[in-house]
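# Breakdown of the fold
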Amino acid sequence: DARVTQTPRDKVTEMGQEVTMRCQPILGHNTVFWYRQTMMQGLELLAYFRNRAPLDDSGMPKDRFSAEMPDATLATLKIQPSEPRDSAVYFCASGLAGQGMHRSVGELFFGEGSRLTVL
Amino acid sequence: QKEVEQNSGPLSVPEGAIASLNCTYSDRGSQSFFWYRQYSGKSPELIMSIYSNGDKEDGRFTAQLNKASQYVSLLIRDSQPSDSATYLCAVNDYGQNFVFGPGTRLSVLP
């Protein structure tokens, strides 16, 4: 059963601490997205990767957030230092971008999310 | 800035009725359109995708696309209480990211 796996599922931390969230995309998918969801803002794109290369991270606060894909089976999102306003559910999603003319991603598969609470 | 707009709801319909959800988008270059369903506390899951103008039916769900009006809708026939969820419209163009709307909360009343 192919699925996107995220860890941790829940994280409570103190302001100023470092937080690392991990995502294992579906095997064979070449595009990975990080989203943040809050009641007020809905789903916000933070960053996305294609073939492990970062394509867009304009939605991410650069001073404290960083996203990487050290290999095809792992994507990470790091917050350092964390702040209470970072409290949200962070979703990772993966998909397969087409080759040739229609290069957009078809269906996105979401992980179950990492719920972050920064006190 | 690319935008996707939806009425936030809640949209309440009685069981067995047709629920109509609407979405507009700003980028005329958008090529792919999706409807995701998200139950409270869960992750979004795809229920429909549509790429061409017109209607696409899948069971009780029908997606409608009008690129000239930059409008996409989702109809749910014979609505069931289990359809109560937030419905997210998503738009994608060639090689670009997915932009999601804020979602419409649907409540189907028994």
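What counts, and where the lines are drawn
Residues numbered from 1 in each chain as written. Chains lettered and ligands numbered in written order. Predicted model: local features only at pLDDT ≥ 70, side-chain atom pairs only at ≥ 80, totals over all residues. Heavy atoms only, no water. Helix = DSSP H or I, 4+ residues; strand = E, 2+ residues; numbered from the N terminus. Rg over C-alpha atoms; globule rule 2.2 N^0.38 Å. Buried < 20%, exposed > 50% of the residue type's maximum accessible area, 1.4 Å probe, protein only. Contact = heavy atoms within 4.5 Å. Areas by Shrake-Rupley, 256 points an atom, 1.4 Å probe, with all protein chains shown as cover. Lys, Arg positive; Asp, Glu negative; His and termini not counted. Charge placed at Lys NZ, Arg CZ, Asp CG, Glu CD. Disulfide = S-S within 2.5 Å. Pairing = 2+ DSSP bridges. Axes fitted to C-alpha atoms, helices over the stretch in contact; angles between N-to-C directions. Core = buried A, V, L, I, M, F, W, Y, C linked by side-chain atoms within 4.5 Å. pLDDT = per-residue confidence, 0-100.

### Quick notes on the overall build of chain A
Along its length, chain A carries zero helices and 11 strands. Each helix (α) and strand (β) of chain A, taken in turn from the N terminus, gives the series β-β-β-β-β-β-β-β-β-β-β. Expected size for 119 residues packed as a compact globule is a radius of gyration near 14 Å; at 14 Å, chain A falls within 12% of this value. Across its three principal directions, the C-alpha atoms of chain A cover 45 × 30 × 30 Å. Out of the 119 residues in chain A, the part that is buried amounts to 47%. Considering only residue pairs separated by 6 or more positions, chain A has 56% of its internal contacts joining residues 24 or more positions apart. Total accessible area on chain A is roughly 6,200 Å²; 51% of this is exposed by carbon and sulfur atoms. Charge-centre separation for chain A: the mean point of 13 positive side chains lies 2 Å from the mean point of 14 negative side chains.

### Some details on the state of the cysteines
For the coordinates displayed, the defined rule picks out two disulfides over all chains. At a sulfur-sulfur separation of 1.9 Å, the disulfide partner of A:C23 is A:C92. Judged by the sign of its S-S torsion, about -60°, the bond between A:C23 and A:C92 is left-handed. Of this pair, A:C23 sits in strand β3 (residues 19-24) while A:C92 sits in strand β9 (residues 88-95), and the two are 69 residues apart along the sequence. Each member of the pair A:C23 and A:C92 is classed as buried. Two residues share a disulfide in this structure: B:C23 and B:C89, whose sulfurs sit 2.1 Å from each other. Between B:C23 and B:C89, the disulfide has an S-S torsion of -70° and is therefore left-handed. Residue B:C23 is found in strand β3 (residues 19-25), and its partner B:C89 is found in strand β9 (residues 85-92); the two are separated by 66 residues along the sequence. The same class applies to B:C23 as to B:C89, namely buried.

### Examining the sheet that holds strand β1 (residues 4-6) of chain B
Residue and element names in this part refer to chain B. Spatially, the five strands line up as an open sheet ordered β1-β3-β8-β7-β6, and their pairing is antiparallel. Each having just a single partner strand, β1 and β6 (54-58) make up the two edges of the open sheet. Going across the sheet, the axis of each strand differs from the next one's by a mean of 20°, ignoring polarity. Here β1 pairs with β3 via three bridges, running antiparallel. Its bridge partner being in β3, Q6 is matched across the sheet by C23.

### Overview of the nonpolar core
Among the nonpolar cores identified, the biggest contains 24 residues, and B:W35, B:V72, B:L74, B:I76 and B:Y87 are the most heavily contacted of them. Elements with a minimum of two residues in this core: β3, β4 (32-38), β5 (45-50), β7 (61-66), β8 (71-76), β9 and β11 (104-109) of chain B. Residues in contact with B:L74, not counting those within four places in the same chain, are B:A19, B:S20, B:L21, B:W35, B:I47, B:M48, B:F61, B:T62, B:A63 and B:Y87. Core analysis: the next-biggest nonpolar cluster, separate from the first, contains 22 residues, A:M21, A:V32, A:W34 and A:M60 among them.

### Some thoughts on the sheet that holds strand β7 (residues 65-71) of chain A
All names here are of chain A. Across the sheet, four strands lie side by side as β1-β3-β8-β7; this open sheet has antiparallel pairing. Each edge of the open sheet is held by one strand with a lone partner, namely β1 (5-7) and β7. Ignoring strand direction, the axes of neighbouring strands in this sheet form an average angle of 15°. Sheet topology note: the β3/strand β8 (residues 74-79) ladder contains five bridges and is antiparallel. Within β8, the position partnered with C23 by the bridge is A75.

### Quick notes on the confidence of the model for chain A
When pLDDT is averaged along chain A, the result is 90; 92% of the residues meet or exceed 70. Between the elements of chain A, mean pLDDT differs from a low of 86, seen in strand β6 (residues 53-56) of chain A, to a high of 98, seen in β3(A).

### Considering the environment of B:R28
Residue and element names in this part refer to chain B. Mapped onto the secondary structure, R28 falls in the loop between β3 and β4. Taking the relative accessible area as the measure of exposure, R28 reaches 61% and is therefore exposed. Each C-alpha atom, one on R28 and one on T86, is 25 Å from the other, the two residues being 58 residues apart in sequence. Residue contacts for R28: discarding those within four places in its chain leaves K67, A68 and Q70.

### Remarks on the pairing of strand β11 (residues 114-118) of chain A
All names here are of chain A. Of the two faces of β11, only one is covered, namely that formed by S114, L116 and V118; the face formed by R115 and T117 stays uncovered. When strand β2 (residues 10-13) meets β11, the two strands line up parallel, connected through four bridges. Note that in β11 the partner of V12 across the bridge is T117. Pairing analysis gives three bridges linking β9 to β11, with the strands arranged antiparallel. Residue pairing for β11: V89 is matched across the bridge by R115.

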